[in-house]
Amino acid sequence: LFPLLLLFSQGSLVTSVLQAANSFRINAVGPAIFNIISIGVLLFGIYFNLSVEFVCVGFLLAGAIKLASKFFVLGAHELLPTVPGEATRQDFVKVFYRFAPLSFGVVFSLLNACFETQTASFLPVGQISLLHYMFRTFNLVLYTVALPIENILLPQLSKLDRNSVSDFSFYLQESCKLILILSFSATILAVFLADKITFLLLATRANVGQLLFAQDV
């Protein structure tokens, strides 16, 4: 499934371009298209007892259709990629050098994830899944608060002129305040509901009795 990562990476780039052009519809529908096709391929493979390779090809097809739909909208806005000129290349190099430190952050994040996985392998059976679900529980705050505000705010900030430093500072300051207030409130709520959320995530037929006993204790 490595080619799927390439499709997603290219799709993220196209998503940023479309957001700068105030086009949000396909960005919202794209994940739904991928999920519907992927679930359909998975159910089809399970029903007819097909191989894992068939399911992987179906996932790649879903990712390609998702990316193609974004390129279609990109062409409607006349924003399809072209051969860059010398001035464009120079501007790209300047922007690349400014954002180069972020690449180090990504590298350290991947190394941290690898280290956490190797360390967690020494834990008792079942603890890795528990930590994984707890991590997702507290990331709900990020997914439901910070990322939507980021998607809304990014096109507005990209339209600001170089001379609009005060407007940029205002948007950034107020958005940070809003994200901080909502994230703090949601985090406090997640702390009190963490045990119930984890219980619902892990309460399968195999271990529901054990979890009920653990709660009673």
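Residues numbered from 1 in each chain as written. Predicted model: local features only at pLDDT ≥ 70, side-chain atom pairs only at ≥ 80, totals over all residues. Heavy atoms only, no water.

Time to look at the overall build of the protein chain. A count of helical and extended segments in the protein chain gives seven helices and zero strands. N-terminal to C-terminal, the α/β element order of the protein chain is α-α-α-α-α-α-α. In the protein chain, buried positions account for 20% of the 217 residues. For the protein chain, restricting intrachain contacts to residue pairs at least 6 apart in sequence, the fraction spanning at least 24 positions comes to 69%. Total accessible area on the protein chain is roughly 16400 Å²; 71% of this is exposed by carbon and sulfur atoms. (Helix = DSSP H or I, 4+ residues; strand = E, 2+ residues; numbered from the N terminus. Buried < 20%, exposed > 50% of the residue type's maximum accessible area, 1.4 Å probe, protein only. Contact = heavy atoms within 4.5 Å. Areas by Shrake-Rupley, 256 points an atom, 1.4 Å probe, with all protein chains shown as cover.)

What follows covers the pattern of salt bridges. Under the defined criterion, the tally for this structure stands at one salt bridge. Here glutamate 174 makes a salt bridge to lysine 177, at a shortest N to O gap of 3.7 Å. Within this pair, glutamate 174 and its partner lysine 177 are both found in helix α6 (residues 165–202), separated by three residues, close to a single helical turn. Judged by its relative accessible area of 34%, glutamate 174 falls in the partly exposed class. (Salt bridge = Lys/Arg side-chain N within 4 Å of Asp/Glu carboxyl O.)

Attention now goes to helix α3 (residues 52–76). When the terminal C-alpha atoms of α3 are compared, their 37 Å separation across 25 residues agrees well with the 36 Å that a helix rising 1.5 Å per residue should span. Three or more residues of α3 are buried, namely Val55, Gly58, Ala62, Gly63, Lys66, Leu67, Ser69, Lys70, Val73 and Leu74. If you follow the buried residues of α3, they end up packed against α1 (2–20) and α2 (25–47). Glutamate 78 sits one or two residues past α3 and shows a positive phi near 55°. (Expected span 1.5 Å × (residues − 1).)

Once that is clear, we can look at α2. End to end, α2 covers 33 Å across 23 residues, agreeing with the expected 33 Å (1.5 Å per residue, within 8%). Within the span of α2, buried status applies to Ile26, Asn27, Gly30, Phe34, Ser38, Val41 and Gly45. Tucked inside the fold, the buried residues of α2 contact α1 and α3. Of the residues flanking the end of α2, it is asparagine 49, one or two places downstream, whose phi is positive at about 55°.

With respect to the helices, strands and loops of the structure, serine 38 is situated in helix α2. Assessed through its relative accessible area of 8%, serine 38 is described here as buried. The residues touching serine 38, leaving out its near neighbours within four places in the chain, are Phe59 and Ala62.

Attention shifts here to the confidence of the model for the protein chain. Scored by pLDDT, the protein chain comes out at a mean of 77, with 75% of its residues at no less than 70. Averaged pLDDT values over the elements of the protein chain bottom out at 47 in helix α7 (residues 208–216) and peak at 91 in α3. Taken together, the stretch residues 211–217 has pLDDT below 50 and engages in six contacts with residues farther than four places along the chain or on a different chain. (pLDDT = per-residue confidence, 0-100.)

Of note in the backbone geometry, asparagine 22 takes a positive phi value of approximately 60° without being a glycine. Here asparagine 22 shows up in the loop between α1 and α2. Its identity is not glycine, yet glutamate 78 carries a phi of approximately 55°, on the positive side. Note that glutamate 78 resides in the loop between α3 and α4 (86–120).

The next thing to look at is the packing of α2 against α3. Orientation of α2 relative to α3, taken along the N-to-C sense of each, is 160°, at an axis distance of 9 Å. Between α2 and α3, the angle is such that the two are roughly antiparallel. The element α2 and its partner α3 pack so that their crossing is right-handed. Together, Ile26, Asn27, Gly30, Pro31, Ile33, Phe34, Ile37, Ser38, Val41, Leu42, Phe44 and Gly45 of α2 and Phe54, Val55, Gly58, Phe59, Ala62, Gly63, Ile65, Lys66, Ser69, Lys70 and Val73 of α3 make up the contact between the two elements. Broken down by class, the residue content of the contact of α2 with α3 amounts to 14 nonpolar, seven polar and two charged. (Axes fitted to C-alpha atoms, helices over the stretch in contact; angles between N-to-C directions. Parallel < 35°, antiparallel > 145°, perpendicular 65-115°, else oblique. Left-handed = near helix turned anticlockwise from the far one by under 90°. Nonpolar A, V, L, I, M, F, W, Y, C, P; charged D, E, K, R; others polar.)

On the surface, Phe44, Tyr47, Phe48, Leu50 and Phe54 cluster together into a nonpolar patch covering about 540 Å² of accessible area. Examined against the element boundaries, leucine 50 turns out to sit in the loop between α2 and α3. The class of leucine 50 is partly exposed, set by a relative accessible area of 36%. (Patch = residues over 30% accessible without salt bridge, like charges linked within 9 Å, V, L, I, M, F, W, Y side chains within 5 Å.)

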